[in-house]
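If you want the building blocks of each chain, they are given just below.
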Amino acid sequence: MTAARDVLRDRLALETLAELRPGEFVAEVPLSGLPETADRAMAAGLRLASLFGSDEGPGGGFAVHHLWAATGPPGFVRVWAPVARDAPRFPSIAAKYPVANWFEREIMDYFGLVPEGHPNRSRVALHDDWPENVWPLRKDFDDRQVVPRVGGQSRPYRPVIGEGVFHVPVGPVHAGIIEPGHFRFGVAGEPILYLQVRLFYAHEGTEKRFERLPWRHGLFLAESISGDTSVGHALAFAHAIERLVGVEPPPRARHLRVVLLELERVYNHVADIAGIATDVAFTVPAARAQILREGLVTMQERLFGSRLLRGTIALGGVKCDLTLGRRREILLDLEGLQREFDDLVTLLIDSGNFTDRVDGTGILPNQVARDFGVVGLAGRASGLDLDLRRDQPHDAYSGLHFVVPLEEGGDVRARFMMRAREVELSLVILRHVLEDMPEGRVRSALPDALPPSSSALGWAEGWRGECLHWVQTDGEGRLRRVKVTDPSFKNWQGLAHAVPGNILPDFPVINKSFNLSYSGNDL
Amino acid sequence: MFRILSKSLKTGVVTKADPFESRPPLGFPVIDFARCTACEECAHACPTGAIALAAPAADRRQLSLSYAACIQCRECVAACPEQVVASGRDVEVAAYTREQLTQTASFDLDGMGRARFTHMEAQAGPGLEESAARLRERIRGLLGRSLHVREVDAGSCNGCELEITATTNPVFDLERFGIHFVASPRHADLLLVTGPVTRNMEIALRRTYEAAPEPRVVVAVGACGCSGGIFGEGTYASIGGVDRVVPVDVYVPGCPPRPQAILNGLLVAMGVREARLNPKAPAASPEPAVTPSPARPRARGVDEG
Ligand code: SF4
Ligand code: SF4
């Protein structure tokens, strides 16, 4: 594995690069070295997977971390730089690399570190009524307090000027059953000129909460990062903890985890197909898809005790098991699903009414997707060939061979087709792991305490895209920082660029075709 | 077109006649307090503080279990060394107050420091039978009024939204009971609110509440909506349960509650509304003991905000 380390070190022209664990590399650089390293990483084809801050607490300073993902050789490279407490600034890379835009402003909001050279130094996460100079993720900020509201508006919306050109504000309370967020459209009649997205209404204080809860309970918080991605986030958190303590789940658990993650993918994709059909007012297939989805979650409740697969992942393995009889039951159910699902997809794409609404709607061009670091299903629908199940396999994926589907169109149709094809692939994977399940235990024991002053990265390719959890412990082995990166955080900026040029009535279906998480973004 | 028709004909009716018939394998935990030793293991294992131990006097202990905060993770079941905590089969739980969701057991300590169970306090909430009766009456057309519901996500993880959405699918089909989801609070009889109320949604929730016409009924959904759940109550970002911001009439705990539990909560809330509309008339079903939420001064509309 040192060969991989040397290759990556040379590509990034780093003096030293440490390999913490397989697939996880780390290097410290001075603050001024962050932009240069970023240039080299981008030139070498690495992509920015996350960018975050941390606070070492009393006596220490802050740090800014760039997390890069490499594919050949595969690995995550964390390049970090210390930031002195009395000089709370770091050099921004957002002007060159838009993917860093929200990340850097989030560090500014939560840690009070100024991204120098950032083209837009207004708040992204904190709302206007949050006071100046209060930074919730700093260590000296006590989470059990009521922060007073202040008046004034620090972030006016972009003005619209001209005849027949106006603003349409939507949210945070929407007309349907969806999460809270505010959309500000600049429109000229029906066509949308631009879209400004203001989020963080669902900011529940999740990252701070991780620092307060006992680390074992962090798993339950991870399950609630985004309710539709319980398995994805629970897995990413479990992987981080397992890597931190050096414990591998037993082979059977690694297989069962694949079953759970793929079931989560299938039920969400089927539900989204129902949503897309609903938003183009094609009610018969929408109802059919809803019935399929309900059948899936009912099966999950029967097998695992939870419709949304809560409480199935354990630190060190899984909390459930499947007997041979149960596995046959699932295989039979999935066979039925496959037939129904094929019919449903054919019904939709053969219908001119449907394709009229989805073809060429909400195009996210490949280059824009690349610039904003769009990941997962939405990225693959715009031709970005990324999938951690293949590129950095976790759990039993390393033993599986499969071709990741890819679409080029970047429109609603492409995102619809991605879902259809990913369901097909998931069914193949499910069949494979269910038929070929190793015997043995489903859980490895974990030590009583986490190692002090260490860190680890956990990842999982959830149904929406990659879920990343970086955990760091303090001198006593408590969680000092948990950085959660939900795919939505990167993809929201992509969505905002897929909307202009479309008409306002098409926004719901464009939004649905991405189906991003507000809670996962707002944390 | 033909394909769609033939598909529909072949499918037949998928809607469940009695949505309450299927029981899930695992529900809220049940503690057999008579055999409990108040050792506190379950309280340590509980990630949300739904189980808590208190010492009101040197020789007394109190163990309380609140379904308002329970996320049904079953850690307490695994943690109990006496094996007196079990996963119950109850999931369709609704209550008029947070207190109705809490059971508190008292223990005396003997000279050796061993706890002996003395008595339990619990307040009965509305039973499932009541909702089932109301459901039958609705189906028979005895309860005429329809119910217009406005859903408000005040900061949830979206798990509760998935289950609320599921209530409208063809299998549960809430519309057949006259329950409709509407787009504006101004058309709503009832607000169905999820999430720990975040600091950033507090004002929006208040305004939505004020925009709904009287007599409005509020149903808090999920462990988060009932108590802040895993996100906690009183943090800088999570204010906590919905009742910290607006008066709540019915609590539907669970993480997330199943669609059946949400339906049950809505049926209970219909009783509240009937009682509020006809305070004198004998209720069509067992009258719930409700105190109407205090009338708030009508604030200026959302549009001005
Ligand atoms: S099942 Fe409920 S009471 Fe038991 S540990 Fe989990 S949250 Fe606490
Ligand atoms: S109760 Fe559970 S499912 Fe509902 S919002 Fe809270 S964490 Fe999510």
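Residues numbered from 1 in each chain as written. Chains lettered and ligands numbered in written order. Predicted model: local features only at pLDDT ≥ 70, side-chain atom pairs only at ≥ 80, totals over all residues. Heavy atoms only, no water.

## Brief notes about the overall build of chain B
Here's step 1: Regarding its fold elements, chain B presents eight helices and 13 strands.
Here's step 2: Burial statistics for chain B: of 305 residues in total, 57% are counted as buried.
Here's step 3: Counting contacts in chain B only where the partners sit at least 6 residues apart, residues at least 24 apart contribute 77% of the total.
Here's step 4: A total accessible area of about 12600 Å² is found for chain B, and carbon and sulfur atoms account for 53% of it. (Helix = DSSP H or I, 4+ residues; strand = E, 2+ residues; numbered from the N terminus. Buried < 20%, exposed > 50% of the residue type's maximum accessible area, 1.4 Å probe, protein only. Contact = heavy atoms within 4.5 Å. Areas by Shrake-Rupley, 256 points an atom, 1.4 Å probe, with all protein chains shown as cover.)

## What to know about the overall build of chain A
Here's step 1: Counting secondary structure elements, chain A contains 17 helices and 15 strands.
Here's step 2: Over its C-alpha atoms chain A spans a radius of gyration of 23 Å, differing by no more than 12% from the 24 Å that the globule rule assigns to 523 residues.
Here's step 3: Across the 523 residues of chain A, 64% fall into the buried class.
Here's step 4: For chain A, long-range pairs separated by at least 24 residues make up 68% of all intrachain contacts whose partners lie at least 6 apart in sequence.
Here's step 5: Carbon and sulfur atoms form 53% of the exposed surface of chain A, whose accessible area is close to 17800 Å².
Here's step 6: Each charge class in chain A was averaged separately, 59 positive and 68 negative side chains, and the resulting centres sit 3 Å apart. (Rg over C-alpha atoms; globule rule 2.2 N^0.38 Å. Lys, Arg positive; Asp, Glu negative; His and termini not counted. Charge placed at Lys NZ, Arg CZ, Asp CG, Glu CD.)

## Observations regarding the interface of chain A and chain B
Here's step 1: Taken together, the 65 residues of chain A in the interface contact 62 residues of chain B.
Here's step 2: For the chain A face of the interface with chain B, the top three residues by lost area are Arg 149, Ile 177 and Glu 204 of chain A, together amounting to 14%.
Here's step 3: Remark: the boundary between chain A and chain B carries five salt bridges.
Here's step 4: For Lys 319 of chain A, the salt bridge is made with Glu 75 of chain B, and the minimal N-O distance between the two is 3.7 Å.
Here's step 5: For the interface between chain A and chain B, the tally reads 25 residue pairs in polar contact (both at pLDDT 80 or more).
Here's step 6: When residues of the side of chain A that touches chain B are traced back to their parent elements, those giving at least two are helix H4 (206-212), helix H5 (218-223), helix H8 (283-304) and helix H9 (324-349) of chain A.
Here's step 7: For the side of chain A that touches chain B, the leading source of residues is H8 of chain A, giving 10 residues.
Here's step 8: For the side of chain A that touches chain B, the residue count by class is 28 nonpolar, 17 polar and 20 charged. (Buried area = accessible area lost by both parts, 1.4 Å probe. Salt bridge = Lys/Arg side-chain N within 4 Å of Asp/Glu carboxyl O. Polar contact = N/O pair within 3.5 Å; in protein donor to acceptor, adjacent residues only side chain to side chain. Nonpolar A, V, L, I, M, F, W, Y, C, P; charged D, E, K, R; others polar.)

## Side note on the nonpolar core
Residue and element names in this part refer to chain A.
Here's step 1: Counting residues in each nonpolar core, the largest one holds 171 residues, and the members touching the most others are Val 77, Phe 185, Phe 237, Phe 341, Leu 434 and Trp 492.
Here's step 2: When residues of this core are assigned to their parent elements, the largest contribution, 14 residues, is made by helix H7 (residues 251-279).
Here's step 3: Looking at which domains feed residues into this core, each of domain 1 (3-116) and domain 2 (206-522) supplies at least three.
Here's step 4: Contact partners of Leu 434, with chain neighbours within four places excluded, come to Val 259, Leu 322, Arg 327, Ile 330, Leu 331 and Leu 334. (Core = buried A, V, L, I, M, F, W, Y, C linked by side-chain atoms within 4.5 Å. Domains from an automatic or database assignment.)

## With respect to the sheet that holds strand S7 (residues 147-153) of chain B
All names here are of chain B.
Here's step 1: Pairing in this open sheet of five strands is parallel, and the strands run S8-S7-S9-S11-S13 from one edge to the other. Each end of this open sheet is capped by a strand with a single partner; those strands are strand S8 (179-181) and strand S13 (250-252). The mean angle between the axes of side-by-side strands here comes to 25°, regardless of whether they run parallel or antiparallel.
Here's step 2: Both strand S11 (residues 217-221) and S13 contribute to a ladder of three bridges, which runs parallel. Looking at S13, one finds that Val 219 is bridged to Val 250.
Here's step 3: Here helix H8 (residues 259-277) sits on the sheet in contact with S7, S8, strand S9 (190-194), S11 and S13, set at roughly 175° to S13. (Pairing = 2+ DSSP bridges. Axes fitted to C-alpha atoms, helices over the stretch in contact; angles between N-to-C directions.)

## Here's the deal with the packing of aromatic side chains
Residues and elements named next belong to chain A.
Here's step 1: For the coordinates displayed, the defined rule picks out 18 aromatic pairs over all chains.
Here's step 2: Ring centres 6.4 Å apart and planes at 40° place the aromatic pair Trp 130 and Phe 141 in the tilted group. Of this pair, Trp 130 sits in the loop between strand S7 (114-116) and strand S8 (165-170) while Phe 141 sits in the loop between S7 and S8, and the two are 11 residues apart along the sequence. For the residue pair Trp 130 and Phe 141, the accessibility class agrees, reading buried in each case.
Here's step 3: By way of ring pairs, the aromatic residues Phe 183, Phe 185, Trp 492, Phe 507 and Tyr 518 are connected into one cluster. (Phe/Tyr/Trp six-rings, centres within 6.5 Å; stacked < 30°, edge-to-face > 60°.)

## What to know about the pattern of salt bridges
Residue and element names in this part refer to chain B.
Here's step 1: Under the criterion given, the structure shown has 63 salt bridges over all chains.
Here's step 2: Its salt-bridge partner being Arg 98, residue Glu 233 comes within 2.7 Å of it at the nearest N-O pair. Of the two residues, Glu 233 is situated in the loop between helix H7 (222-227) and strand S12 (238-240) and Arg 98 in the loop between strand S4 (85-87) and strand S5 (102-109); the sequence distance between them amounts to 135 residues. No difference in accessibility class separates Glu 233 from Arg 98, as the two residues are buried.

## Quick look at the packing of H8 of chain A against H9 of chain A
All names here are of chain A.
Here's step 1: It is at 10 Å that the axes of H8 and H9 come closest, and there the two elements cross at 170°. When the interaxial angle is binned, H8 and H9 end up roughly antiparallel. Helix-helix and strand crossings are classified by hand; for H8 and H9 the assignment is left-handed. The segment H8 lies against H9, with Pro 285, Arg 288, Ala 289, Leu 292, Leu 296, Met 299, Arg 302 and Leu 303 engaging Arg 326, Glu 329, Ile 330, Asp 333, Leu 334, Leu 337, Glu 340, Phe 341, Leu 344, Leu 347 and Leu 348.
Here's step 2: For the contact of H8 with H9, the class distribution of residues is 13 nonpolar, no polar and six charged. (Parallel < 35°, antiparallel > 145°, perpendicular 65-115°, else oblique. Left-handed = near helix turned anticlockwise from the far one by under 90°.)

## Thoughts on the site of ligand 1
Here's step 1: Around ligand 1 sit 14 residues in total, of which Cys 46, Cys 70, Cys 73, Arg 74 and Cys 76 of chain B are the nearest.
Here's step 2: Across the shell around ligand 1, the residue classes tally to 10 nonpolar, two polar and two charged. (Near = heavy atom within 4 Å.)

## Thoughts on the site of ligand 2
Here's step 1: For ligand 2, the full set of nearby residues is Ser 224 and Arg 310 of chain A together with Ser 156, Cys 157, Gly 159, Cys 160, Gly 222, Ala 223, Cys 224, Gly 254, Cys 255 and Pro 256 of chain B.
Here's step 2: At the site occupied by ligand 2, nearby residues are drawn from chains A and B.
Here's step 3: Top contributing element to the shell around ligand 2 by residue count: H7 of chain B, with three residues.
Here's step 4: In terms of residue class, the shell around ligand 2 is built from six nonpolar, five polar and one charged.

## A word on the side chain of Asp 228 of chain A
Here's step 1: Within the secondary structure layout, Asp 228 of chain A lies in the loop between H5 and helix H6 (230-245).
Here's step 2: Taking the relative accessible area as the measure of exposure, Asp 228 of chain A reaches 3% and is therefore buried.
Here's step 3: Ignoring anything within four residues of it in the chain, the contact list for Asp 228 of chain A reads Glu 264, Tyr 267, Asn 268, Trp 463 and Arg 464 of chain A together with Asn 158 and Leu 162 of chain B.

## Details of helix H2 (residues 33-43) of chain A
Residue and element names in this part refer to chain A.
Here's step 1: Looking at H2, one finds that the buried residues are Gly 33, Leu 34, Thr 37, Ala 38 and Ala 41. The buried side chains of H2 occupy one side of the element, clustering within an arc of 135° when seen end-on.
Here's step 2: Within two residues after H2, Gly 45 carries a phi angle of roughly 85°, on the positive side. (Arc of directions from axis to C-beta.)

## Details of the sheet that holds strand S15 (residues 479-485) of chain A
The pairing of strands in a sheet happens through backbone hydrogen bonds and is either parallel or antiparallel.
Residues and elements named next belong to chain A.
Here's step 1: With respect to topology, three strands assemble into an open sheet ordered S13-S14-S15, the strand pairing being antiparallel. The open sheet has two edge strands with one neighbour each: strand S13 (455-461) and S15. Ignoring which end each strand starts from, the neighbouring axes of this sheet average 15° apart.
Here's step 2: As defined by bridge partners, S13 adjoins strand S14 (residues 466-473) across seven bridges and the pair is classed as antiparallel. Residue pairing across strands places Glu 461 opposite Glu 466, the latter belonging to S14.

## Some thoughts on the environment of Gln 300 of chain A
All names here are of chain A.
Here's step 1: Inspection of the secondary structure assignment puts Gln 300 in helix H8.
Here's step 2: When its relative accessible area of 0% is taken as the criterion, Gln 300 is described as buried.
Here's step 3: Along the backbone, Gln 300 and Ile 330 are 30 residues apart, and their C-alpha atoms lie at a distance of 9.4 Å.
Here's step 4: Discounting residues that sit within four places of it in the chain, Gln 300 has contacts with Leu 263, Tyr 267, Gly 305, Ser 306, Arg 307 and Leu 309.
Here's step 5: In terms of polar contacts, Gln 300 uses its side chain to reach the backbone carbonyl oxygen of Arg 307, at 2.7 Å.

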